[in-house]
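# An overview of the molecular structure
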Amino acid sequence: MDLPIYQEEAAPKSGGCSAGSCGSTDDQLGHLSDDIRKKVEDHPCYSEEAHHYFARMHVAVAPACNIQCHYCNRKYDCANESRPGVVSEVMTPDQAVKKTMAVAATIPQMTVLGIAGPGDPLANPERTFETFRQLSEKAPDIKLCVSTNGLALPAAVEELSKHNIDHVTITINCIDPDVGAQIYPWIYWENKRIYGREGAAILIEQQQKGLEMLKEKGILVKVNSVLIPGVNDQHLKEVSKVVKAKGAFLHNVMPLIAEAEHGTFYGVMGQRSPSPAELKELQDACEGDMNMMRHCRQCRADAVGLLGEDRGAEFTLDKIEQMDIDYDKAMEFRAEVRAGIQAELDAKRAEKAKVVPLEDSPRGRPVLMAVAAKGAVINVHFGHAKEFMVYEATYQGARFVGHRKTDSYCAGDETCGDGDSILDKTIKSLEGCEVVLCSKIGYEPWGNLEAAGIQPNGEHAMEPIEEAVMAVWNEMLAAGKLDAPVEAKKRA
Amino acid sequence: MALEIIESCVNCYACQPVCPNDAIYEAKPHFLINEDKCTECVGDFADAQCASICPIEGAILDELGVALNPPGSLTGIPPERWAAAQAEIQARGGSPL
Ligand code: SF4
Ligand code: SF4
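Parameters at a glance
- Residues numbered from 1 in each chain as written.
- Chains lettered and ligands numbered in written order.
- Predicted model: local features only at pLDDT ≥ 70, side-chain atom pairs only at ≥ 80, totals over all residues.
- Heavy atoms only, no water.
- Helix = DSSP H or I, 4+ residues; strand = E, 2+ residues; numbered from the N terminus.
- Contact = heavy atoms within 4.5 Å.
- Areas by Shrake-Rupley, 256 points an atom, 1.4 Å probe, with all protein chains shown as cover.
- Lys, Arg positive; Asp, Glu negative; His and termini not counted.
- Charge placed at Lys NZ, Arg CZ, Asp CG, Glu CD.
- Buried < 20%, exposed > 50% of the residue type's maximum accessible area, 1.4 Å probe, protein only.
- Expected span 1.5 Å × (residues − 1).
- Near = heavy atom within 4 Å.
- Nonpolar A, V, L, I, M, F, W, Y, C, P; charged D, E, K, R; others polar.
- pLDDT = per-residue confidence, 0-100.
- Buried area = accessible area lost by both parts, 1.4 Å probe.
- Salt bridge = Lys/Arg side-chain N within 4 Å of Asp/Glu carboxyl O.
- Pairing = 2+ DSSP bridges.
- Axes fitted to C-alpha atoms, helices over the stretch in contact; angles between N-to-C directions.

Summing up its helical and strand segments, chain B has 3 helices and 4 strands in all. In sequence order, chain B lays out its α and β elements as β-α-β-β-α-β-α. Projected onto the principal axes, the alpha-carbon positions of chain B cover approximately 50 × 25 × 20 Å. Pairs at least 24 apart in sequence give 42% of the contacts found in chain B among residues at least 6 apart. For chain B, the computed accessible surface area is about 5,100 Å², with 53% contributed by carbon and sulfur atoms. Across chain B, 4 positive and 14 negative side-chain charges occur, with their mean positions spaced 14 Å apart.

A few words on the overall build of chain A. Tallying secondary structure elements over chain A gives 14 helices and 15 strands in all. Put simply, chain A has 492 residues, and 57% of those count as buried. Partitioning the contacts of chain A with sequence separation of at least 6, the portion at a separation of at least 24 is 73%. Counting only carbon and sulfur atoms, one obtains 52% of the accessible surface of chain A, whose full area is about 20,300 Å².

Turning our eyes to something else, we now look at helix α6 (residues 196-217) of chain A. Residues and elements named next belong to chain A. Counted at 1.5 Å a residue, the expected span for α6 with its 22 residues is 32 Å, and the 32 Å between its end C-alpha atoms agrees. Burial in α6 covers these residues: Gly199, Ala200, Ala201, Ile202, Leu203, Ile204, Gln206, Gln207, Gln208, Gly210, Leu211 and Leu214. Two residues or fewer after α6 comes Gly218, characterised by a positive phi angle close to 80 degrees.

With that settled, the discussion passes to the site of ligand 1. Around ligand 1, the structure places 13 residues, and the nearest of them are B:Cys19, B:Asn21, B:Cys38, B:Cys41 and B:Cys50. Taken together, the residues of the shell around ligand 1 sort by class into 9 nonpolar, 3 polar and 1 charged.

Turning to the confidence of the model for chain B, a few remarks are in order. Here chain B averages 93 in pLDDT, and 98% of its residues register 70 or above. What the predictor reports for the complex is a pTM of 0.74 with an ipTM of 0.95.

Tallying the contact residues gives 26 residues for chain A and 28 residues for chain B. Counting each side, the surface lost to burial between chain A and chain B is near 2,300 Å², with a carbon and sulfur contribution of 60%. Applying the counting criterion to the chain A and chain B interface returns 1 salt bridge. Among the salt bridges present, the one from A:Glu261 reaches B:Arg92, with a minimum N-O distance of 2.6 Å.

For the rest of this paragraph, the subject is the sheet that holds strand β2 (residues 67-68) of chain A. All names here are of chain A. With antiparallel pairing, the 3 strands of this open sheet are ordered in space as β2-β6-β7. The open sheet terminates on both sides in strands that have one partner only, identified here as β2 and β7 (192-195). Judged from the 2 bridges that link them, β2 and strand β6 (residues 186-189) form a sheet pairing that is antiparallel. Looking at β6, one finds that Gln68 is bridged to Trp186. Sheet strands touched by α6: β2, β6 and β7. Its angle to β7, the strand with the most contacts, is close to 105 degrees.

Taken together, B:Ile5, B:Cys9, B:Val10, B:Asn11, B:Cys12, B:Tyr13, B:Cys15, B:Phe31, B:Cys54, B:Pro55 and B:Ile56 make up the full set of residues adjacent to ligand 2. Looking at side-chain class alone, the shell around ligand 2 contains 10 nonpolar, 1 polar and no charged residues.

What follows deals with the pattern of salt bridges. Residue and element names in this part refer to chain A. Within this structure, the stated rule accounts for 15 salt bridges over all chains. With a closest N to O distance of 3.9 Å, Asp284 and Arg399 form a salt bridge. Of the two residues, Asp284 sits in helix α9 (residues 276-287) while Arg399 sits in strand β13 (residues 397-405), which places them 115 residues apart along the sequence. Through salt bridges that share partners, Lys280, Asp284, Glu392 and Arg399 make up one connected network.

In this section: the pairing of β6(A). All names here are of chain A. The alternating pattern of β6 places Trp186 and Tyr188 and Ile187 and Trp189 on opposite faces, both of which are buried. Inspection of the sheet shows β6 paired to β7 by 4 bridges, in the antiparallel sense. Of the residues in β7, the one forming a bridge with Tyr188 is Arg193. Counting the residues between successive antiparallel strands, the hairpin from β6 to β7 contains 2 residues, one of them, Glu190, with a positive phi of roughly 45 degrees.

Here is the structure:
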């Protein structure tokens, strides 16, 4: 099958910005209309800024799937949209609506409801659309989103455009059927199970067609890709060019998570996961300078709350039954809370816009720093951190570049052998970072981190992350640790 | 003439809507096929629809008790590799899949 490869036009570079989080006005978004940019800016899943303030939830109403991926085992939820090995309770559309309304009444920051699984939402069109239809009616202030493998997408676009759909995420791992044959063992298509390359070719064709149709309808499209070393790693750069040329506003690269315990093809056959460095290389190549979205962390399909937290246990079906909720009041309250958050975000942006970068300010090299935090301030003890947020500090400011998980999600066989202690694993997961910021840290890890060339720092407890990161970077600069200035990386 | 769903079914719902005869129903602990309604799709489709979408090897059997999707046919994992991985997980103290 022939897929045209477009060369991306380089966006003209405008003046830099001095503070962090300038991503929402970054040149990379220059091609977006104001309307779309606005949507993205306040979206908890896309905007690095907004995700500290707004909450999202997913409901598991879509159990069936129409394809098989080698990183998934259907005993569990879809491994792409949730964590492998997780089983979520499948709800009926009525239960899902009830749960969403209860959550939105309790957590007024709730702005986005997603259907991501446990199978493929569009392979369960009746259940998915029934949920959307009811919610568009009962809670029109909540944005809806849906993630799909794309096979049934062209057939669903018309129906999608009728609902209050905020955006669609398509998982596209390849545009070459030969690569696809190594990722998808079969698809169910037109009443047949179709194996191997032939199935992959149909899937790819439907994904691309669906992307074009959504673009045509003006529906926002994000593309997710799973980075599978040795299978699609280099190929993803080509995927990125094609999907962006076709109008995807964001291409998000996620690491393969493969362990034998998950019973997936890749897990059992010993396919390795990418290292943090490999992942960053691909993310840099595919996502460009887009200063957003790397906080995406494959949240559980049934997670509830702000990114990074899960309050799902408060909203089991039994508990929801017992809640007494005034839905209209709840919606009014949400509107108030959101207006407050919006004012705060706008004020922050205005503040940042005022700071003019000094053209001849000293330009030290970029430094990666790991931060132990929940929310927007440094508030987690090093030893309690289940994951670190990694920021890249440059003379232009701090920008979020990704997460490093510390507990069970180590980087793969070579980097965490059996003999390693948890501390050793944690330190390995911080590879490439020069500083780690946390609220507190014990004596032993302090020494081990230093020995590994990572400077621990507990001096900025409870400070806003970006300010602390830049304060440390400026100290390093003043101490002459960042000499050998590197020309700021300009990316086309 | 009818197919049968057995206990390895993971209740994914995929088979239910694709059956041309509405023969599949949700039940505890797993989905079942009404043998009076099932025609094995003869006359409607070349392949039994439930067995064409079911993601679980061995979950659907024919009248003779033979799996329509035998081990390794859907995942591509050779059965000996699967057995070896299970043994290895157990040796580490994990619970087998
Ligand atoms: S074989 Fe065909 S008729 Fe029988 S249960 Fe399966 S889908 Fe229905
Ligand atoms: S498709 Fe297979 S696993 Fe899913 S419900 Fe039907 S028989 Fe069970």
